[in-house]
Amino acid sequence: MKYAALGSAIAAIVICFSGLAARAQDASEKEIERYRQMLSDPMSNPGYLAVDRGEVLWKQARGTKNVSLEKCDLGEGAGKLEGAFAHMPRYFKDADKVMDLEQRLLWCMDKIQGVDTKEVIARRFSGPGKPSDLEDLVAFVANKSNGMKIDVPQSNPKEQEMAAVGEALFYRRGGVMDFSCATCHGEDGKRIRLQGLPNFSMPGKPAQETMGAWPTYRVSQGALRTFQHRIWDCYRQQRWPVPEYGTDAITALTVFLQKQAKGGEINVPSIKR
């Protein structure tokens, strides 16, 4: 009888502390969201500095051909930016492949401007005192699709193939920890510390809200980050060999995730921890 009473008391204490922990987590998440809302205005969001720098780069004549990127076709016609990001990755006939925004920008730099992209790729991710042309250009172009819905095309067989490859990569386990993308993002209710993890295994709101918020300004890193950086960092944390920048594998995974996020509204650059 004593043991039964003791067991009941312990159970009550555990339930009490579990409830307190859950309320503390909810309160912390609300404070984090309030902080993000405070910085969401363009006048407060440091990510808009990247947008402004990207606009300058887009219009600047560069490379051996001394032309700007305004002749670059991102899928909506040469120089047309509104809605381009909402429909990427997509198939480009001139390159005969499916490309995400970063791949396409590199292609245009090479083919249209005559820029040596090796140096550009070497600065693919910014650091203290080291800006990234690609991060700035992505911020500028993506911002032109704000308020629009994610809708990646799937009419071309190569687009369908990339979506299938991306789905396979999402569930592919490997690395020293035997992780896959689905290990963290394959079901509801998972989190790392206070950070909730969106479920990408099915189309819907979690995927829409997440994909509609990239590129983002990472407060913890003091830099704007693109989705290529997000995938690179995910693989690094899984202890996989990190994928090379601008590879088809990253594009395929992005196609799958954007497909899951169809209908999500774009609002970038966002603010994340």
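Structure report, in brief.

Before going further, it helps to spend a moment on helix α5 (residues 133-143). The buried fraction of α5 is high, at 11 of 11 residues. Looking only at α5, the buried set comprises D133, L134, E135, D136, L137, V138, A139, F140, V141, A142 and N143. Buried positions along α5 lie against α2 (47-59), α3 (101-113), α4 (117-122) and β6 (223-225).

The omega angle of the peptide bond from M88 to P89 is 5°, so this bond is cis rather than trans. Inspection of the secondary structure assignment puts P89 in the loop between α2 and β1 (90-92). Note the cis peptide between V268 and P269, where omega equals -5°. If you trace the backbone, P269 turns up in the loop between α10 (248-260) and β7 (270-272). In this model, N66 sits at a positive phi of 50°, which is unusual for a non-glycine residue. Relative to the helices and strands, N66 resides in the loop between α2 and β1.

Following the criterion strictly, the structure yields one cavity of 30 Å³ or more and no others. A volume near 180 Å³ is recorded for the largest cavity. Lining the largest cavity are 15 residues, with F85, D100, E102, F227 and T254 sitting closest to its centre. Every element with two or more residues in the lining of the largest cavity is listed here: α3, α9 (227-237) and α10. Across the lining of the largest cavity, the residue classes break down as nine nonpolar, four polar and two charged.

Scanning the model with the defined rule gives one disulfide in all. Between the sulfur of C72 and that of C108 lies a disulfide, 2.1 Å long from S to S. Between C72 and C108 the disulfide shows an S-S torsion of about 70°. By sign, it is right-handed. With C72 in the loop between α2 and β1 and C108 in helix α3, the pair connects residues that are 36 residues apart, well separated along the chain.

Within this structure, the stated rule accounts for seven aromatic pairs. Residues W58 and F140 carry aromatic rings whose centres are separated by 6.4 Å and whose planes lie at 50° to one another, so their mutual orientation is tilted. Residue W58 is located in helix α2, and its partner F140 is located in helix α5; the two are separated by 82 residues in the primary sequence. Taking relative accessible area as the criterion, W58 reaches 3% and is therefore assigned buried. Residue F140 is classed as buried on the basis of its relative accessible area, which comes to 4%.

For the rest of this paragraph, the subject is the environment of T254. For T254, the position within the fold is in helix α10. Residues T254 and G166, 88 residues apart in the sequence, show an inter-C-alpha distance of 7.0 Å. If near-sequence neighbours (up to four positions away) are discounted, T254 is found in contact with P89, F227 and I231. Of the polar contacts made by the side chain of T254, one reaches the backbone oxygen of I250; its length is 2.8 Å.

With the rule as written, the count across this model stands at 17 salt bridges. The partner of K149 in a salt bridge is E265, with the nearest N and O atoms 3.6 Å apart. Taken together, the residues K149 in the loop between α5 and α6 (157-171) and E265 in the loop between α10 and β7 connect sequence positions 116 residues apart. E265 sits in the partly exposed class, given a relative accessible area of 46%. Between E209 and K205 there is a salt bridge, with the nearest N and O atoms lying 3.7 Å from each other. Of this pair, E209 and K205 both sit in helix α8 (residues 205-211), four residues apart, which is roughly one turn of the helix. Comparing E209 with K205 shows no difference in burial state: the two are exposed. Within this structure, R62, R123 and D133 form a network of salt bridges that share partners.

Definitions and cut-offs
- Residues numbered from 1 in each chain as written.
- Predicted model: local features only at pLDDT ≥ 70, side-chain atom pairs only at ≥ 80, totals over all residues.
- Heavy atoms only, no water.
- Buried < 20%, exposed > 50% of the residue type's maximum accessible area, 1.4 Å probe, protein only.
- Helix = DSSP H or I, 4+ residues; strand = E, 2+ residues; numbered from the N terminus.
- Contact = heavy atoms within 4.5 Å.
- 1 Å grid on protein atoms, 1.4 Å probe; cavity = no way out; pocket = protein on both sides within 12 Å on 5 of 7 lines; lining within 4 Å.
- Points joined across faces, edges and corners; volume = space filled by probe spheres on them.
- Nonpolar A, V, L, I, M, F, W, Y, C, P; charged D, E, K, R; others polar.
- Disulfide = S-S within 2.5 Å.
- Phe/Tyr/Trp six-rings, centres within 6.5 Å; stacked < 30°, edge-to-face > 60°.
- Polar contact = N/O pair within 3.5 Å; in protein donor to acceptor, adjacent residues only side chain to side chain.
- Salt bridge = Lys/Arg side-chain N within 4 Å of Asp/Glu carboxyl O.

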